[in-house]
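A look at the structure
Each chain is listed here by its residues.
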Amino acid sequence: MAVLEILKYPHRILKKRSEEVSQIDEEVRKLIHDMRETMYGAGGVGLAACQVGVSRRVIVLDVNPMDPQHTFFALINPEIISEEGEIDHEEGCLSVPNYLEKVKRKEKVCVRGMSPEGTEMEVRGDGILAIALQHEIDHINGILILDRVSRLKREIYRNKLKKEKRKEEKP
Ligand SMILES: [Zn+2]
């Protein structure tokens, strides 16, 4: 198992729609193990494969990492099959460091996908789980929280990054 590097905005892989997984094999299961380690290592509640540079439709989540009961799960080729209500919630992202912003989401979702064992799985969630599911599914569709905020807010973040970069480049 390995902790992988988490790619940051504006890496181009993060903007790309990830590819369907056609076969759940050892390689996919190893990727899931590594994503799990990487997510816990970074203190996140979810991670998509594209964030570690693998453009495949795989997500991992654990919205209660402190819970001794394991609430970790992985979903392959996840798809939202139903949704309900609306909610505004402040979100952050491991690929968009030092950024928190309110994002409009569905309050409840039902997601269907495959488990690492290759069986069909349905996850129904509300609250943080629903938000995290939508956030990670956005990732595999090439969408970041920055794409879900106003242009002005996006520009402010971009300018901040530019400034930081300039500072780093100065000798
Ligand atoms: Zn994210």
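The following refers to the structure shown. Please read these numbers as outputs of a predicted model, since none were measured by experiment. (Residues numbered from 1 in each chain as written. Predicted model: local features only at pLDDT ≥ 70, side-chain atom pairs only at ≥ 80, totals over all residues. Heavy atoms only, no water.)

Let's shift gears to the nonpolar core. In this structure, Ile 59, Phe 73, Leu 75, Val 96, Tyr 99 and Leu 133 are the most contacted members of the largest nonpolar core, which totals 28 residues. Where this core is concerned, the elements lending two or more residues are strand E2 (58-61), strand E3 (73-84), strand E5 (96-105), strand E6 (108-114) and helix H2 (127-140). Top contributing element to this core by residue count: H2, with six residues. For Leu 133, the residues in contact, after removing those within four places along its chain, are Ile 59, Leu 61, Phe 73, Leu 75, Val 109, Val 111 and Val 123. One finds Met 39, Val 58, Phe 72 and Ile 76 within the second-largest nonpolar core, a separate group that totals 15 residues. (Core = buried A, V, L, I, M, F, W, Y, C linked by side-chain atoms within 4.5 Å. Buried < 20%, exposed > 50% of the residue type's maximum accessible area, 1.4 Å probe, protein only. Helix = DSSP H or I, 4+ residues; strand = E, 2+ residues; numbered from the N terminus. Contact = heavy atoms within 4.5 Å.)

Okay, the packing of aromatic side chains next. The relative placement of two aromatic rings is captured by the distance of their centres and the angle of their planes. Within this structure, the stated rule accounts for three aromatic pairs. Between Tyr 40 and Phe 72, the ring centres sit 6.3 Å apart and the planes meet at 50 degrees, which makes this aromatic pair tilted. Of this pair, Tyr 40 sits in helix H1 (residues 26-42) while Phe 72 sits in the loop between E2 and E3, placing them 32 residues apart in sequence. An aromatic cluster of at least three residues, connected via ring pairs, comprises Tyr 9, Tyr 99 and Tyr 157. Taking the ring centre of Phe 72 as reference, the NZ or CZ of Arg 36 above it sits at 4.5 Å. (Phe/Tyr/Trp six-rings, centres within 6.5 Å; stacked < 30°, edge-to-face > 60°. Lys NZ or Arg CZ within 6 Å of the ring centre and 35° of its normal.)

It is worth spelling out the side chain of Arg 105 at this point. Note that Arg 105 resides in strand E5. Only 2.9 Å separates the side chain of Arg 105 from the side chain of Asp 138, close enough to count as a polar contact. Not counting chain neighbours up to four residues away, the residues in contact with Arg 105 comprise Gly 85, Glu 86, Ile 87, Glu 91, Ile 131, Gln 134, His 135, Asp 138, Ile 145 and Arg 148. (Polar contact = N/O pair within 3.5 Å; in protein donor to acceptor, adjacent residues only side chain to side chain.)

Further remarks concern the coordination of the zinc ion. Every protein donor of the zinc ion is accounted for by Cys 93 (SG), His 135 (NE2) and His 139 (NE2), and the metal-donor separations fall at 2.0 to 2.2 Å. For the zinc ion, the single-chain donor residues occur in sequence as C-x41-H-x3-H. Of the two residues, Cys 93 sits in strand E4 (residues 87-93) while His 139 sits in helix H2, which places them 46 residues apart along the sequence. Relative accessible area serves as the criterion here: at 1%, His 139 is assigned to the buried category. (Donors = N, O, S within 2.8 Å, 3.2 Å for Na, K, Ca; no water.)

What follows concerns the pattern of salt bridges. One pass over the full model with this rule turns up 14 salt bridges. Note that Arg 57 and Glu 20 form a salt bridge whose closest N and O atoms lie 3.9 Å from each other. Of this pair, Arg 57 sits in the loop between strand E1 (46-48) and E2 while Glu 20 sits in the segment before H1, and the two are 37 residues apart along the sequence. A relative accessible area of 5% places Arg 57 in the buried class. As a salt-bridge pair, Glu 86 and Lys 106 come within 3.8 Å of each other at their nearest N and O atoms. Pair noted here: Glu 86 is in the loop between E3 and E4 and Lys 106 is in the loop between E5 and E6, with a separation of 20 residues, a long-range link. The exposure class assigned to Glu 86 is exposed, which follows from its relative accessible area of 53%. (Salt bridge = Lys/Arg side-chain N within 4 Å of Asp/Glu carboxyl O.)

Our next topic: unusual backbone geometry. Omega for the bond connecting Tyr 9 with Pro 10 falls within 30 degrees of zero, at 5 degrees, which places this linkage in the cis form. By the secondary structure assignment, Pro 10 is in the segment before H1. The phi dihedral of Asn 77 is positive, around 50 degrees, even though this residue is not glycine. Mapped onto the secondary structure, Asn 77 falls in strand E3. Among the residues examined, Asn 77 registers a relative accessible area of 15% and is labelled buried.

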